[in-house]
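Examination of the molecular architecture
Read off the chains here:
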Amino acid sequence: MLKTFPTGGVHPPENKLTAGIPIEYLPVPEKVVIPMSQHIGAPANPLVAKGDNVKIGQLIAEGKGFVSANIHSPVSGKVSKIDTAADSSGLKQPAVFIDVEGDEWVEGIDRGKELVRDIKLSSEEIVKKCFESGIVGMGGATFPSHIKLNIPSGKKCDVLIINGVECEPYLTSDHRLMLEKGEEILVGVSILMKALKVEKAMIGIENNKPDAISHLTTLAASFAGISVHPLKVKYPQGAEKQLVKALVKREVPSGRLPIDVGTVVHNAGTAFAVYEAVQKNKPLIERVVTVSGKSLQKPGNYMVRIGTPLSWLLEAAGGIPADTGKIINGGPMMGKAVSNTDAPVVKGMSGIILIPASEAFREVISPCIRCAKCVSVCPLHLEPYLLMTLTEKGMFERAEAEKITDCMECGSCSYTCPAGRPLLDYIRLGKSTVIRLARQKVLK
Amino acid sequence: MSSTILTTIICLSLLAFLSAVILYFVAQKFKVYEDPRIDEVQALLPAANCGGCGFAGCRNLAEAIVNSDSFEGLNCPVGGAAVMEEIATILERTAPVSDPKVAVLKCKGSPEHRPRTSVYDGAADCRIVNSLYIGETDCSYGCLGYGDCVKACTFDAIHIDALTGLPLISDEKCTSCGACVRACPRNLIELRKKAKKDRKIYVACSNCDKGGPARKACRVACIGCGRCQKVCSFDAISIVNNLAYIDAAKCTFCRKCVGECPTNAIIEINFPPAKPKAKSEAEAVQA
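Residues numbered from 1 in each chain as written. Chains lettered and ligands numbered in written order. Predicted model: local features only at pLDDT ≥ 70, side-chain atom pairs only at ≥ 80, totals over all residues.

**Here's the deal with the sheet that holds strand β4 (residues 53-54) of chain A**
The strands making up a sheet are joined through hydrogen bonds of the backbone, oriented either antiparallel or parallel. Residue and element names in this part refer to chain A. Sheet architecture is open: four strands sit in the order β2-β8-β7-β4, paired in antiparallel fashion. On the outer flanks of this sheet lie β2 (31-35) and β4, each paired with one strand and no other. Pairing analysis gives two bridges linking β4 to strand β7 (residues 77-86), with the strands arranged antiparallel. Within β7, the position partnered with asparagine 53 by the bridge is lysine 78. (Pairing = 2+ DSSP bridges. Helix = DSSP H or I, 4+ residues; strand = E, 2+ residues; numbered from the N terminus.)

**Describing the sheet that holds strand β5 (residues 59-62) of chain A**
The strand order across the open sheet formed by three strands is β3-β5-β6 (chain A), and the pairing between neighbours is antiparallel. Among the strands making up the open sheet, the edge pair consists of β3 (45-46) and β6 (71-72) of chain A.

**A closer look at unusual backbone geometry**
A cis amide bond, omega -5°, links tyrosine 235 of chain A with the succeeding residue proline 236 of chain A. Along the chain, proline 236 of chain A falls in the loop between β11 (226-231) and α6 (240-248). At alanine 47 of chain B, a residue that is not glycine, the phi angle is positive and equals roughly 60°. In this fold, alanine 47 of chain B is placed in the loop between α2 (36-44) and α3 (58-67). By C-beta crowding, alanine 47 of chain B is classed as partly exposed, having 13 other C-beta atoms within 10 Å. One non-glycine residue with positive phi stands out, namely phenylalanine 253 of chain B, at about 60°. (Buried ≥ 20, exposed ≤ 12 C-beta atoms within 10 Å, placed from the backbone.)

**Observations regarding the nonpolar core**
Residues and elements named next belong to chain A. The biggest cluster of nonpolar side chains holds 104 residues, and the ones touching the most others in it are Val274 and Leu313. Top contributing element to this core by residue count: helix α4 (residues 182-196), with nine residues. When we break this core down by domain, the ones giving at least three residues each are domain 1 (25-109 + 284-356) and domain 2 (123-280). Not counting chain neighbours up to four residues away, the residues in contact with valine 274 comprise Cys130, Ile135, Ser145, Gly188, Ile191 and Leu192. (Core = buried A, V, L, I, M, F, W, Y, C linked by C-beta atoms within 7 Å. Domains from an automatic or database assignment. Contact = placed C-beta atoms within 7 Å.)

So this is what it looks like as structure tokens:
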């Protein structure tokens, strides 16, 4: 029996079309737009001005807030302006615009391909390096990684969990990274273990990636304390709490974090970024983005510089097919529809999915028949049908009592609802309203 | 047989008497005094329980009015001056002076003015659209058209116009309770002072972007050019964040700004259509 989490979950069609396509380095575009808000938390403060010349890897914005992260220039060239730019939802965000000129790198960045195994930095230096290099969670939540490496006093971590689950359909960026940069990821994991001062690390990979499992298992034999665990294919196994439950059978209580049960979870992509930052002195300036879709001409996994316009990336993948109904940023379960293809690639963008119009539609909404399918698939023991109704009626106190803020927005409820009800849309709204009201109460 | 019936009657009567005595003393002991005027005031209020006064319902407002010494901060916008007058008579106070107001929509972005750039097919709820993305057009400030204000209105005063896709507010039915103002996630509805013959002049736009992007997103957007501000002789127009605002308290309805606006973002409602007359009026004011 393969390990998995016990309650809820769904199994959407996997559609991992790009699993066999190696990572391709995308050429640098002529112009890039670097949004200042690529992490949760307050936007970073730009350190450059119009007309400044920047090099690749140069710090261009500083994360000042508690959950902010630094941003580095992914290209060399001239800052053309500092203004607002529309993100993939069309909303304006502060951003730095750079016109690309040449290919100059900041000194001290090791661009060689050879593996560096010896970890020279101490635990504190590693955490500092992660902060300086602007590393955020690469799975999509973009939570600054250095915070997760700073264990609060009074708490103890005994096992590091590495998320190589990639449970979202279509996405294969972590899968390819594990296959092609396996050793780098394992060194990255060792670095994270050293930073957290733990002896044990577990890598969880879903069983639909047997090549990645066997590859990493072979490599892990030469790394102390790292083990690879195949997991049963079930969505949303890539969620922190579900992965902790699946791998070490510990339940993270409502409103708590994995550290409260002695674990820290990092993404496989983050481990690679940490390796590059610590061993190669290279800040987070590029990432792997899966571009996929059934009618796309050249789907694939592309190593893209941050700030590259989506249109440039889509052009490289063969252009937007005529039958496209929706372009989704992220996976089809949790991703958001893109309304602006001029938006730049950001740190948390793991995939761009083009869904044909014949599949991209909403079901006709009919009344809830109380079948409780949403209740049985909810991995967090919530009652989605109730939370939706409470939000619709504006009963936010009751929604708070029903633990609406526990929802991680995995979308299993909306996926399974036979009445086509927009459960997640309302729960998201209810959750953000409850959090806002609670904040107002604290301020009062 | 008859003795059984007799015993039953006597027993039940005794029991009833005893209970009555107990209930009488309990009622005396736990008596709660309530000002009878609260009921009277409540009877005068519209019983809509709309929440426009800031209280949960009419009863709460009645209690607050009776228990307070003045009318400060206490007003029923639905009943208006007439109801407050009557309440004042009961309580032997002077009625507060409050201007009747009416809700207006500060957006004119119908499809002909504001082209659609994407299609939304999710839940029909403005709050959800607003939390997800910019909306179906390129204006991040404008009306989304999914009718949260219509759902919020308990007086049937708001309906979505099928032609423009924007809510239409009926002046007769609007009680200025403010439910729509609170419901709109983009803060597009404003309660403005009612004028003679329901006349209105206001900036029907909420776009705070600079002129270029605002105009690109919508042909009738306020571009913050300041021409209306210059032409206004009464200092009624201010421009904050690239957006003009007409102060209803200072506006004299001279209509000069309406003609001056290059994008027609300022609208006039319920004015006679004759243009020459408007000019002479404006000249008269200037003279």
